[in-house]
Amino acid sequence: MKQCLLILLIPILFVSNSNAQNNSNAFPLKNTYPVLATDSKETILQKAVHVVPTANQYSAQKNEYIAFIHFGPNTFTGKEWGSGMEDPAVFDLKKLDTDQWCRVMKEAGMKMVIFTAKHHDGFALWQSRYTKHGIMSTGYKDGKGDVLKELSASCKKYGLKLGIYLSPADLFQIESPDRLYGNLSQYTERAIPHEVPGRPFANKTKFKFLADDYNEYFLNQLFELLTEYGPISEVWFDGAHPKTKGGQKYNYLAWKKLIHQLAPKAVIFGKEDIRWCNNEAGRTRETEWNVIGYNFNPDTANYFPDLTNIDLGSRAILYTSPFIHYQPAETNTSIREGWFYRDDTEQKVRSADDVYDIYERVVGGNSIFLLNIPPNKEGRFSDRDVASLLEAGKRIKETYTQNLFNGAKGNAAILDNNEKTYLLLNKSSEFIISTFKPVTINRLMIQESVTTHSERVEEHALDAWTGKGWKEIAKATNIGYKRILRFPEVTANKFRIRILSQRAPSAINNVAAFYYKTQPPQLQIQTDKNGMVSISPVQNIFNWNNYGENAAANINSGIEIRYTTDGSEPTRNSVLFTSPFIAKGGMVKAAAFSKDKMGSVVVENIGISKKDWMLVNTSGEEKGHSGKYAFDANHQSYWSSNSTGAKQFVTIDLGKNHQLKGFAYMPQTFSHQGMMEKGMVYVSENGKDWKQASSFDFGNLINDPSKRTKVFSSPVHARFIKIESLVIAAGGDKLSIAELDFFE
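Here's what I pulled together on the structure shown here. (Residues numbered from 1 in each chain as written. Predicted model: local features only at pLDDT ≥ 70, side-chain atom pairs only at ≥ 80, totals over all residues. Heavy atoms only, no water.)

Looking now at the sheet that holds strand β22 (residues 560–564). Pairing is antiparallel across the open sheet formed by four strands, whose spatial order is β23-β22-β25-β26. The open sheet terminates on both sides in strands that have one partner only, identified here as β23 (575–576) and β26 (602–605). Sheet topology places β22 next to β23; two bridges connect them, and they run antiparallel. Across the sheet, residue Tyr563 finds its bridge partner in β23, namely Val575. (Pairing = 2+ DSSP bridges. Helix = DSSP H or I, 4+ residues; strand = E, 2+ residues; numbered from the N terminus.)

Here we come to the environment of Ile582. Topologically, Ile582 is positioned in strand β24 (residues 581–582). Overall, Ile582 belongs to the partly exposed group, its relative accessible area being 46%. Taking the C-alpha atoms as reference, Ile582 lies 27 Å from Val616; in sequence the two are 34 residues apart. If we ignore the near neighbours within four places in the chain, the residues touching Ile582 are Asn530, Gly531 and Met532. (Buried < 20%, exposed > 50% of the residue type's maximum accessible area, 1.4 Å probe, protein only. Contact = heavy atoms within 4.5 Å.)

Under the criterion given, the structure shown has 42 salt bridges. Close ionic contact of Glu195 with Lys206 constitutes a salt bridge, the shortest N to O distance being 2.3 Å. Highlighted residues: Glu195 in the loop between β5 (188–192) and β6 (207–211) and Lys206 in the loop between β5 and β6, separated in sequence by 11 residues. Glu459 serves as the salt-bridge partner of Lys475, at 3.6 Å between the closest nitrogen and oxygen. Residue Lys475 is located in strand β17 (residues 470–476), and its partner Glu459 is located in strand β16 (residues 457–465); the two are separated by 16 residues in the primary sequence. Given the relative accessible area of 49%, Lys475 is considered partly exposed. It is possible to trace a salt-bridge network through shared partners that takes in Asp357, Glu360, Arg361, Arg443 and Arg486. (Salt bridge = Lys/Arg side-chain N within 4 Å of Asp/Glu carboxyl O.)

And the structure:
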């Protein structure tokens, strides 16, 4: 049967290549196709399937996982956006270890780093000839330091590509008395670079552009960066504008000409080459097309708005777009809460689960993963960041180094790991890969030959042979440069990939199978206001641009969760958790089980239902942090009092009388403010006559902001509860509560 399959594929491949050649004669490969008013839908689709990446774009896609570095005055002031008027001396750098940056990035599996040479504050981190607002006016190496120069040398040492981010927005040039930004200067012919006495350029290339003062300044700085720190593989522009002045416009077409001549292998982000994914959370579209519709010609445009729609490249979009263009997306986020380093106490760091999950969703979702790693005040990556990066990098290497289809039987073009070979399929096609012995897999990677045949697959599925028939184990929409399918582990010796929908005969150039070593994750038990209990893997606390995914659940597919409600320990024979359930008080115990391992047991006392609870009053409320958030069954919201002293309170009506045995307090985790160390509990049956039920002392919450429980010395009858703080952590003067629970 296997031999017959291979023989049958040969004529399919031959005929499809012949058809493709005929189509290519009518529609040559291009990076951009205009859509004419007279084009039929069939013609538009034929144009779309002949839109391919440039050599530079394809090289950028093959980078897959790259780093971003935000460093500057904000590192020392704790701000995300500076004013531009900071004294350069605030950049109080004493030492710098760019070798550590590159060593960690390389070990994590990254291939390039994009450095913020100038952020919106206008502060230059290289020895620019054209400004004094930068590192040349700091104490670092007596004003002779050059962060970009040191990073460039480290990149070469560790084999990393280098990109630069030069912010078009420049608050220093907006706010300074002799500003260049928006100064209403005239467009005249300007020589680039502008010669500065005593600072000649080794590169003698000359340009002449029509430019105003700020565009001349920007072009001069681009010239420095591209000729003295290269080779540069990416130039990164964003559209952020903290402030504008004087109707300043950017002459991007001049910038592009200069970049193309001085850095011919560089892609330009934020313009026609690479686009923003539309968020800063690491969130991905379910279907991320790189062949997308454009309302204007991207090859000649001066301005590029962000493309934020969910659908950028479906047939419906292409049919109504004046242009069809190839443009990959970079999906960016930060490993820390914010783009710049602030501290190593309150600023949280993404877990290795988070980083690994985003990597698989982004790289395996036809995009490029751009992860920001902000150095600290000592000029190094902090230990927590390094630990997360290296653990995620270890998992990537362990998972994707061993291709379990090595030596398998199937079409050689898809199994030889050669990007220049491919299998061309007819419509509604499928192909089978057989291994010599059964293999256990939970990841499948598949790629189209986008350089020769564009993106054509619209839907596909993976099946495994059970011995009795085929069983579908994964399904997804498009493929493009790369798709990684994740699914519960399956053991088989025969796998089938079905192309369910395609725009034209698709060209598959690589298929590989892998195994991720799943670990039973730590679990969390949560109860909603109606008393419904849910059990899921613990989500890392990360309160900046949260991307709404449970990373541990995503990467550990196939895990079973078993639980008990009678106090016994969970086993593989305990109740399987499939959906939320009612537990009227008492204790829930749960554990996760993989194929051969059991995770740790989590125990949660279930409080009384909050369905009928009502807020009576509080000592005060900060705007946006109502007292009702203290019992809304949502740890992401919280009540916060005003800053009027340590003694604060919240009073709640439970709806009816209960015999209470204790309570639990969950602090908010967005900051260290308002954590309740000591306090009192008062109870009442009528809301008028109060008595003390218990005091409590929760100790050090700042270093361990986890849920705390207080068991009363004896049960109390109450309908009304008053929680009063007496001591706030670190001498604070306000109280915050993410959640309260009471137990019968």
